[in-house]
Amino acid sequence: MASLCILIPFSGNSQISNDKIQQIVLSKRLIGKKIIFGKWTETRGTETHLTYLGRVKTNEGKTYKIMNSTWIWGLSRRSTNRILIFNGENQYLGNYTVGVDTDLPTKLINKILIFQNTNLHCNKNIVSKISLKNGLPKEFFRECTNGYGDIYKFN
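This text gives an overview of the structure that appears in the document. (Residues numbered from 1 in each chain as written. Predicted model: local features only at pLDDT ≥ 70, side-chain atom pairs only at ≥ 80, totals over all residues. Heavy atoms only, no water.)

A closer look at helix 1 (residues 18-28)
Defined as follows: Burial classes: relative accessible area under 20% of the type maximum marks a residue as buried, over 50% as exposed, and values in between as partly exposed (1.4 Å probe, protein chains only). Working definition: helices are DSSP H or I runs of at least four residues, strands are E runs of at least two. Numbering for both runs from the N terminus. Throughout, the arc means that of the directions going from the helix axis to the C-beta atoms. Residue contacts are counted whenever heavy atoms from the two residues lie within 4.5 Å of one another.
Along helix 1, the residues that are buried comprise I21, Q22, V25 and L26. End-on view of helix 1: buried residues confined to an arc of 140°, all on one side of the axis. Against the buried residues of helix 1 lie strand 2 (34-38), strand 3 (47-57), strand 4 (63-73) and strand 5 (78-87). In the stretch just after helix 1, R29 is the one whose phi turns positive, near 55°.

If you want it as structure tokens, here you go:
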């Protein structure tokens, strides 16, 4: 099943706050649906891709909402990629910054973040799983291939 992608353009040089667009996505509660704000071009503009993965209630009763964020900017189409963490009241708590968008989690199932290897250089058979049942880890390891990968820290 193909994932739904919703494009929400905004005009020219206008800016829309990250907080505002994140709150729009949280309010829609569309799990696994990428929502795109803005339009990047070679000459101007930025584009933000947000995907709400869902919510987790930890064993201690804390609620976290998880969202992927990719912000595309600059002449060479650079991107900043983060896993955004919110509390149960949609207040931003922090993030894990990841190197490339293919390192973002693909699903949240039963309090576990699932990372499918979609990067061309990683072993497609390796799936990293990070449990959130006891809360947010200060850091976690995402394997790419043969025990190598990246460590991501909560900011």
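More follows now that the structure is in view.
Describing the nonpolar core
Keep this limit in mind: Among buried residues, those of type Ala, Val, Leu, Ile, Met, Phe, Trp, Tyr and Cys that are joined through side-chain atoms within 4.5 Å constitute a nonpolar core.
Formed by 16 residues in total, the largest nonpolar core has its most connected members in I66, I83, L108, L113 and F140. Other than its neighbours up to four places away in sequence, I66 contacts T51, Y52, L53, G54, I83, L84, I85, L108, L113 and L132. Listed in part, the 10 residues of the second largest apolar core include I21, F37, Y52 and F86.

Digging into the side chain of N95
What counts is decided by this rule: Under the rule applied, a polar contact is a pair of N or O atoms within 3.5 Å (in protein, one hydrogen donor and one hydrogen acceptor; residues adjacent in sequence only if both atoms are side-chain atoms).
You can see N95 is positioned in strand 6 (residues 92-98). Accessibility expressed as a relative area gives 8% for N95, which makes it buried. Among the polar contacts listed, one links the side chain of N95 to the side chain of Y92, at a separation of 2.7 Å. At a separation of 3.0 Å, a polar atom in the side chain of N95 contacts the side chain of T97. When residues no more than four places from it in sequence are discounted, the contact partners of N95 are R82, I83, L84, K153, F154 and N155.

Observations concerning the layout of surface pockets
Where empty space is left can be seen by rolling a probe of water-molecule size over the atoms. Selection rule: Each cavity reported here is a set of points on a 1 Å grid over the protein atoms alone in which a 1.4 Å probe fits but cannot get out, each pocket an open set with protein on both sides within 12 Å along at least five of seven lines, and each lining residue one with an atom within 4 Å of a point. Grid points are joined across faces, edges and corners, and a volume is the space filled by probe spheres set on the points. All amino acids are sorted into three groups, where Ala, Val, Leu, Ile, Met, Phe, Trp, Tyr, Cys and Pro are nonpolar, Asp, Glu, Lys and Arg are charged, and the leftover types, Gly among them, are polar.
Looking at the largest pocket, its volume works out to about 540 Å³. Forming the boundary of the largest pocket are 23 residues, of which K34, T51, N68, D101 and P105 lie nearest the centre. If you list the elements that add at least two residues to the lining of the largest pocket, you get strand 3, strand 4, strand 5 and strand 7 (107-109). Per element, the largest residue contribution to the lining of the largest pocket is four residues, and it comes from strand 3. Here the residues of the lining of the largest pocket sort into seven nonpolar, 10 polar and six charged.

Quick word on the pairing of strand 8 (residues 112-116)
Put simply, the rule is: Two strands qualify as a pair provided DSSP detects at least 2 bridges between them.
Where strand 7 lies against strand 8, three bridges are found, and the strand directions are antiparallel. Bridge assignment links I109 to a residue of strand 8, and that residue is I112. Two successive antiparallel strands, strand 7 and strand 8, enclose a turn made up of two residues, where N110 displays a positive phi of approximately 50°. The sheet contact formed by strand 8 and strand 9 (residues 127-131) spans five bridges and is antiparallel.

Some points on the environment of N59
Its place among the elements puts N59 in the loop between strand 3 and strand 4. As for N59 and L132, which are separated by 73 residues in sequence, their C-alpha atoms are 9.0 Å apart. Leave out the neighbours within four places in its chain, and N59 touches K111, K133 and N134. Only 3.4 Å separates the side chain of N59 from the side chain of K111, close enough to count as a polar contact. Within the structure, N59 has its side chain in polar contact with the side chain of N134 (distance 3.3 Å).

A word on a positive patch on the surface
Note the cut-off: To count toward a patch, a residue needs a relative accessible area over 30% and no salt bridge; like charges are then connected within 9 Å, while nonpolar side chains (Val, Leu, Ile, Met, Phe, Trp, Tyr) are connected within 5 Å. Per-residue and other accessible areas follow the Shrake-Rupley method at a 1.4 Å probe size, with only the shown protein chains counted as cover for residues. Here a salt bridge means any side-chain nitrogen of Lys or Arg lying within 4 Å of a carboxyl oxygen belonging to Asp or Glu. Counted charges follow a simple rule, with Lys and Arg positive, Asp and Glu negative, and His plus the chain ends left uncounted. A charged residue contributes its charge at one atom only: NZ of Lys, CZ of Arg, CG of Asp or CD of Glu.
On the surface, a cluster of positive charge is made up of R55, K57, K111 and K133. By the secondary structure assignment, K57 is in strand 3.

The values are spatial; any link to function lies outside them.
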